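Understanding the architecture of this molecule
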Amino acid sequence: MSIFGIVTFLLIGGMAFWMLLFLMGFVLPFWITLGVFEMLRPKRIYEEEDTVH
């Protein structure tokens, strides 16, 4: 039964490691890039409701 606990611990630890690797390698740069493009995009002075009379 002790082997089952060790294997479960290693399995959960391995899944956590690969999830963190995925987050740091793909999700974090994607999130930063979207934030940079959002900051670089020019802001609208008037809302769409103001332009339609």
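Scope of this entry: the structure provided in the associated data block.

Calculation notes
- Residues numbered from 1 in each chain as written.
- Predicted model: local features only at pLDDT ≥ 70, side-chain atom pairs only at ≥ 80, totals over all residues.
- Heavy atoms only, no water.
- Helix = DSSP H or I, 4+ residues; strand = E, 2+ residues; numbered from the N terminus.
- Buried < 20%, exposed > 50% of the residue type's maximum accessible area, 1.4 Å probe, protein only.
- Areas by Shrake-Rupley, 256 points an atom, 1.4 Å probe, with all protein chains shown as cover.
- Phe/Tyr/Trp six-rings, centres within 6.5 Å; stacked < 30°, edge-to-face > 60°.
- Salt bridge = Lys/Arg side-chain N within 4 Å of Asp/Glu carboxyl O.
- Expected span 1.5 Å × (residues − 1).
- Bend = angle between axes of the 7 residues up to and from the residue.

Things to note about the overall build of the chain
Scanning the chain for helices and strands turns up 2 helices and 0 strands. Classification of the 53 residues of the chain by burial places 0% in the buried group. Total accessible area computed for the chain in this model is approximately 5600 Å², and 77% of it derives from carbon and sulfur atoms.

Description of the packing of aromatic side chains
Going through the model one piece at a time under the given rule, you end up with 3 aromatic pairs. Aromatic pair Phe-26 and Phe-30: ring centres 5.9 Å apart, planes at 10 degrees, arrangement stacked. Of this pair, Phe-26 and Phe-30 both sit in helix H1 (residues 2-40), 4 residues apart, which is roughly one turn of the helix. With a relative accessible area of 47%, Phe-30 lands in the partly exposed category. An aromatic cluster is present here, built from Phe-22, Phe-26 and Phe-30 joined pairwise through their rings.

Considerations on the pattern of salt bridges
Scanning all chains against the criterion turns up 1 salt bridge. Residue Glu-38 is joined to Arg-41 by a salt bridge in which the shortest nitrogen-to-oxygen separation is 3.3 Å. Judged by its relative accessible area of 38%, Glu-38 falls in the partly exposed class.

Side note on H1
Here H1 contains 39 residues, and its C-alpha end-to-end distance of 56 Å stays within 8% of the 57 Å for a straight helix at 1.5 Å per residue. Where H1 bends most, the angle comes to about 40 degrees, and this point is Leu-23.

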